[in-house]
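# Residue-level structural notes
The lines below spell out each chain.
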Amino acid sequence: MTLLETNGLSACYGDFQALFGIDFEVDEGETVAVLGANGAGKSTFLNVIAGNVPVAKEQLQFDGVPMGGARACEMVARGVTLVPEGRRLFSSLTVEENLMMGAYGGAKGYWTLDKVYALFPKLKERRKQPATQMSGGEQQMAAIGRGLMANPRLLMCDELSLGLAPIIIAEIYETLATVRDRGLTLIIVEQNVQQAMKFAQRAYCFLEGRVSLHGASSELTREQVAKAYFGV
Amino acid sequence: MLNTILDAVIQGILLGGLYGLYAAGLSLVFGIMRLVNIAHGDFIVLAAFFVIAFQKFLSIGSPFTALLVVVPLMFIFGYVLQRFVLNQVVGDDILRPVLVTFGLSVITQNGLLQAFSADSRKLNGGIIEVSSFTLPGGIIVGVFPLIMLGACLATIGALQWMLFHTRMGVAFRATSDDTMAAGLMGVNTRHLFSIATGVVMVTVAIASVFTGIRATFYPTSGSDCLLFAFEAVIIGGLGSLWGTLLGGMILAISQSLGSRISPAWQLQAGHLVFLIVLLMRPQGLFPRRLD
Amino acid sequence: MIVNVERSTRTSRISTAVFCVAIVVLVSAPAWAGRGQLSMLVEFFYYLALAELWNLLAGYAGVISLGAQGFIGLGGYALFFFTLNMGWHPLFALIAAGVVGLVVAVPAAAVMLRLHGAYLAIATWVLAEVARLGFSEMTSLGAGSGISLGVASVRHVELPFVSRDGIFFLLALLFAILTVALSYLLLCSKYGLALKSVRDNETSARSSGVNSYGLKLGVFVASSAGMALIGALIYLTKLRISPAAAFDANWTSNIIFIVIIGGIGTLEGPIIGTIVFFVLRQYLSDLGSWYLIILGGLAVVVMLKMPRGLWGAFSHRFDVRLFPTRRRLVLGNPDKVRPPSGDAGKTELAVNPGDPS
């Protein structure tokens, strides 16, 4: 069952057009990766879905309902949550307060403070500390935990591995796998192609604001992806 | 001589709470939405005139009782103003918010002049205005200024409690840190900003009663209130309500000491202290973080 | 391929001609205008000059001053000091007052520019208050009740064939022309281009090597010194000064109103704004406070719905500029290059796509 789909989605930042006619879909329970180089439009795409960038109403459908142009708070209420690029934790709030903010506009459900602490024990140790005083990996865990607190139907993660050591990246994806296996629908934007293909069932590749390749991870070859990624 | 100085300092501390309250409102709105409301002082005067009007039309004896009506009224006023007018100018542009709120200041002052004439006004605080007690050393402390300090401290304390112990308060602080990320949490910023301005108007209403009882005021008195609020914020530093309170006290103490020299030096001393802090430590004396 | 950078358009050339004619007509005004008319024209031109200066600071340097009255009053008091207490010729005192404004503006600007945005704006107001309180205490200049410049002091202000009022008018006209001309020249210079880049995006401008602080400082100082000079002229014509009048916050309100309605960040805007201001004042001033409420309301509505102001909206819609400061890149075929003759028929790219404000 299709949870989210976009039809010919085009988006602009002022005079600058960032996305050109994106056709995309993700089914409930699926994990889809969005790949591409810097500036390909991946983050813009997630921001559109999250409600930060306006688009025409019919170009975006969530759960069958046209939602293009809806504001961020409306998308959260519908069950769409974004873990933004660069984490963007609230610097004057503690870890626990950050997690509580995650639940602000979301729904009641499986994910509670205790469940998130169970998933990321390191966060529990640091619950009363200012969130931005932790290491990069811990901050990323907090950002994911914050996203989960909204009990979303669709969780989007933008560049989880940015600035993190490989061993931490692996740890985070391992933990995220348990979330995935619980049936949560995920869209992940990743520059680390290998990691993304291992984790997701399907992948899209963006190039200069357009979809250059898409298919099941198991069927796409490295050469295909490299060509679509760089556009050579 | 020492007695005069001590007396001046004590009067300054008693008044500083009020300036701190003026400044807290200005500072809260700036923190959450990076908006400085030039009409802030004029709204304090507006609220004081509402008190006068309601005291008259509802035959209420005490201005404090009139607050029961004026506080909710000012909350609604703040909410509506933010929702329908000021939300349109929140953003990166420097010019629009200043010029729009400046226009609102002109409208408010002249609206009050039109409705209430240019006569001086004063609220009647009753018996507490004239009661006082004497400290050892011969320094006289009025009951009213003491109550004023207490009320202002309590209000700032309540604001602080709200910011750290309520869901709404955490949302205010989160929005103040990162508005975009707050939206991603499901915060409806249009509504939140309006609630914030509503809350600030409640502090304005409380401040107005004390302002009106303390001294005579005119429709044009709002400009002075704004300047004191602003100077207190700069002296105290951004980011912390208690820092702003201290800024208010330092300002009031400077004014109090200045007044002992001559009436003209009362205001001038405050301005000079402000300029010195601006020159030497522009981030303020007790900043919590850089904005 | 030949590439030219041009500025003038046909519209601007026509308007330049019109302005020249208008100036010639105006210069002769002392000959044909009555005393009341001259007086009104004086006021028109000094408001125009003040508005252009405020606009230069706010619309181009991005610094809002809520304390214009500080320098206006300073200039006025300096003039009275030099004329009354020092016995100088009033016109010489006028120039000296401008110099005083310049000297005070430099440290004032340095202190003020430690702040930004709205806080900077309020700080300029505080500075004006400091001036007001200071001059209220100067007994040699009348303290709180003010002081008059006797007719005797201005007896020397006259020329053959031109009355004193005529001279005041010509000075006001001169200042207005100077503020417009100097603003125009500044904006056409490389400093103007730098200013506009700072206005559009300060960080990018600075990383391109623009000294944004130095620019803002320079504009602040020039604008403030100019206001002091004009303030001196204003109080020379009024022959009486008091702290309440000279440092009245209404100076700033009126200037802001003029610039907002006319169009902030354009050279033409203050001209339109001053006209509108005078027309409104003519018809509405007997409404008392309602007049100011309407002015304030108009300013708010314009800022919300039409932030470019009357001129800005018109100029944007019809792409008209009377004082062309926008630079256009004109691409031409070397065989067919001919001097520009019109607005159409060329391939051109506007180099600063940043519209007024």
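Note: the structure precedes this text.
Everything numeric in this text was worked out from a predicted model, so none of it was measured.

What follows deals with the overall build of chain A. Of regular secondary structure, chain A possesses nine helices and 10 strands. Relative to the compact-globule value of 17 Å for 232 residues, chain A shows a C-alpha radius of gyration of 17 Å, a close match. Based on the C-alpha atoms only, the size of chain A along its principal axes is roughly 45 × 35 × 35 Å. The 232 residues of chain A split such that 55% are buried. Sequence separation of 24 or more characterises 67% of the internal contacts of chain A that already satisfy a separation of 6 or more. A total accessible area of about 9,900 Å² is found for chain A, and carbon and sulfur atoms account for 50% of it. Side chains of chain A give 22 positive and 25 negative charges; the mean places of these two sets differ by 6 Å.

This next bit is on the pairing of strand β3 (residues 31-35) of chain A. Looking down a regular strand, the side chains alternate between one sheet face and the other. All names here are of chain A. Most of β3 sits out of view: five of its five residues are buried. Here β3 shows two buried faces, one formed by Thr31, Ala33 and Leu35 and the other by Val32 and Val34. In terms of strand pairing, β3 meets strand β8 (residues 185-189) through four bridges, oriented parallel. Note on β8: the bridge partner recorded for Thr31 is Leu186.

This paragraph deals with the interface of chain B and chain C. If you look at the interface, chain B gives 38 residues, while chain C gives 41 residues. Surface buried jointly by chain B and chain C totals about 3,700 Å² across both partners, of which 80% is contributed by carbon and sulfur atoms. If you look at where chain B meets chain C, you find zero salt bridges. For the pair chain B and chain C, the number of links is four residue pairs in polar contact (both at pLDDT 80 or more). Here the side of chain B that touches chain C gets 14 residues from one element, more than from any other, and that element is helix α4 (residues 95-116) of chain B.

Before going further, it helps to examine the sheet that holds β3 of chain A. Consider a sheet: its strands pair through backbone hydrogen bonds, and that pairing is either parallel or antiparallel. Residues and elements named next belong to chain A. Strands sit in the order β6-β7-β8-β3-β9-β10 across an open sheet of six strands; the sheet is mixed. Strands with a single pairing partner mark the edges of an open sheet, and in this sheet they are β6 (80-83) and β10 (210-216). Strand-to-strand twist across the sheet, computed as the mean angle between neighbouring axes with direction ignored, equals 15 degrees. Strands β3, β6, β7 (154-158), β8 and β9 (202-207) of the sheet are contacted by helix α1 (residues 42-50), whose axis makes an angle of about 150 degrees with β7. Sitting on the sheet, helix α6 (residues 136-148) is in contact with β6 and β7, with an inclination near 170 degrees to β6.

Looking now at the environment of Glu85 of chain A. Residues and elements named next belong to chain A. Inspection of the secondary structure assignment puts Glu85 in the loop between β6 and α3 (95-102). Residue class for Glu85 comes out partly exposed when judged on its relative accessible area of 37%. Spatially, the C-alpha atoms of Glu85 and Gly69 are 21 Å apart, while their sequence positions differ by 16 residues. Setting aside residues up to four positions removed in sequence, Glu85 forms contacts with Ser43, Asp158, Glu159 and Leu162. Engagement of the side chain of Glu85 in a polar contact is seen with the side chain of Ser43, the distance being 2.8 Å.

Before going further, it helps to spend a moment on helix α8 (residues 190-200) of chain C. Those residues of α8 of chain C lying buried are Gly192, Ala194, Leu195, Lys196 and Val198 of chain C. In this structure, the buried side of α8 of chain C is in contact with α3 (35-60), α7 (164-188), α9 (202-207) and α10 (212-238) of chain C.

Here Ser212 of chain C lies in helix α10. Contacts of Ser212 of chain C, omitting those with residues within four sequence positions, involve Val198, Glu202 and Arg206 of chain C.

Here we take up the interface of chain B and chain A. Facing the 21 residues of chain B at the interface are 20 residues of chain A. Note on chain B versus chain A: buried area summed over both sides is about 2,000 Å², and carbon and sulfur give 58% of it. A salt bridge links Arg173 of chain B to Glu97 of chain A; its shortest N-O distance comes to 2.5 Å. The interface formed by chain B and chain A contains eight residue pairs in polar contact (both at pLDDT 80 or more). Those elements that place two or more of their residues in the side of chain B that touches chain A are α6 (167-177), α7 (179-184) and α8 (189-214) of chain B. Split by residue class, the side of chain B that touches chain A holds 11 nonpolar, four polar and six charged.

Along its 17 residues, helix α14 (residues 289-305) of chain C runs 24 Å from first to last C-alpha, staying within 8% of the 24 Å computed at 1.5 Å per residue. Among the residues making up α14 of chain C, those that are buried are Ser289, Tyr291, Ile293, Leu295, Gly296, Ala299, Val300, Val302, Met303 and Leu304 of chain C. Residues of α14 of chain C that are buried make contact with α4 of chain B together with α12 (250-262), α13 (269-284) and α15 (309-318) of chain C.

This paragraph deals with the side chain of Asn87 of chain B. Mapped onto the elements, Asn87 of chain B comes out in the loop between α3 (63-84) and α4. Look past the residues within four positions of Asn87 of chain B in its chain and what remains in contact with it is Gln82, Arg190, Phe193 and Ser194 of chain B.

To continue, consider the pattern of salt bridges. Per the stated rule, a full pass over the model turns up 16 salt bridges over all chains. Residue Arg88 of chain A pairs with Asp178 of chain B through a salt bridge whose shortest N-O separation is 2.9 Å. With Arg88 of chain A in the loop between β6 and α3 and Asp178 of chain B in the loop between α6 and α7, this residue pair bridges two chains. Since its relative accessible area comes to 31%, Arg88 of chain A is described here as partly exposed.

Okay, unusual backbone geometry next. A positive phi angle, close to 55 degrees, is found at Glu159 of chain A, a residue other than glycine. The phi angle at Ser117 of chain B is positive, at roughly 65 degrees, despite the residue not being glycine. Within the fold, Ser117 of chain B resides in the loop between α4 and β1 (132-134).

This part is about the nonpolar core. Of all hydrophobic cores here, the largest spans 253 residues; its most connected members are Phe24, Met101 and Ile187 of chain A, Phe230 of chain B together with Phe45 and Trp54 of chain C. The element best represented in this core is α3 of chain C, accounting for 17 residues. Once residues within four sequence positions are removed from consideration, Phe45 of chain C is found in contact with Leu26, Phe169, Ala172, Leu173 and Ala176 of chain C. Counting residues in hydrophobic clusters, the runner-up holds 45 residues, among them Ala33, Val95, Met141 and Leu155 of chain A.

This part covers the packing of helix α4 (residues 68-85) of chain C against α10 of chain C. All names here are of chain C. Axis separation between α4 and α10 bottoms out at 6 Å; the angle between their running directions is 55 degrees. Of the possible angle classes, the one that applies to α4 and α10 is oblique. Viewed along their axes, α4 and α10 form a crossing whose handedness is right-handed. Between α4 and α10, the residues in contact are Ala68, Phe71, Ile72, Gly75, Gly76, Leu79 and Phe80 and Ser224, Met227, Ala228, Gly231, Ala232, Ile234, Tyr235 and Leu236, respectively.

The rules behind each value
- In this numbering scheme, every chain counts its residues from 1 along its sequence in written order.
- All chains are assigned letters beginning at A, and all ligands numbers beginning at 1, according to the order in which they are written.
- At least 70 in pLDDT is required for a residue's local features to be given in this predicted model, at least 80 for side-chain atom pairs to be given and counted, and no such filter applies to totals for whole chains, interfaces and linings, which use all residues.
- Side-chain metrics in this entry use all non-hydrogen atoms of the structure; hydrogen atoms and water are not considered.
- Secondary structure elements follow DSSP: runs of H or I of four or more residues count as helices, runs of E of two or more count as strands, with numbering from the N terminus.
- Atoms counted for the radius of gyration: C-alpha only. Globule rule: 2.2 Å times residue count to the power 0.38.
- In this scheme, a residue with accessible area under 20% of its type's maximum is buried, one over 50% is exposed, and one in between is partly exposed, where area comes from a 1.4 Å probe on protein chains only.
- Two residues qualify as a contact provided that any one of their heavy atoms is within 4.5 Å of a heavy atom in the partner residue.
- Surface accessibility in these figures is a Shrake-Rupley result with a 1.4 Å probe; residues are shielded only by whichever protein chains are displayed.
- Charge assignment in this entry is limited to Lys and Arg as positive and Asp and Glu as negative, and neither His nor the chain termini are counted.
- Note that the charge is assigned to NZ on lysines, CZ on arginines, CG on aspartates and CD on glutamates.
- A pair of strands is treated as paired once DSSP finds two or more bridges between them.
- Buried area: the accessible area, evaluated with a 1.4 Å probe, that two parts lose upon being put together, summed over both parts.
- Salt bridge, as applied in this entry: a Lys or Arg side-chain nitrogen positioned within 4 Å of an Asp or Glu carboxyl oxygen.
- Whenever two N or O atoms come within 3.5 Å, that pair is a polar contact, provided that in protein one can donate a hydrogen and the other can accept it, and provided that, for residues adjacent in sequence, both atoms are side-chain atoms.
- All axes are obtained by fitting lines to C-alpha atoms, using only the stretch in contact for helices, and the reported angles, taken between N-to-C directions, cover 0 to 180 degrees.
- Here the nonpolar group is Ala, Val, Leu, Ile, Met, Phe, Trp, Tyr, Cys and Pro; Asp, Glu, Lys and Arg are the charged ones; every other residue, Gly included, is treated as polar.
- By definition here, a helix of n residues has an expected span of 1.5 Å times n minus one.
- Residues grouped as a nonpolar core are buried Ala, Val, Leu, Ile, Met, Phe, Trp, Tyr and Cys residues, joined through side-chain atoms within 4.5 Å.
- Any angle that is under 35 degrees is reported as roughly parallel, and any over 145 degrees as roughly antiparallel; angles of 65 to 115 degrees are reported as roughly perpendicular and all others as oblique.
- A crossing counts as left-handed when the near helix is turned anticlockwise from the far one by less than a right angle, and as right-handed when that turn is clockwise.

Purely geometric numbers; function is a separate question.
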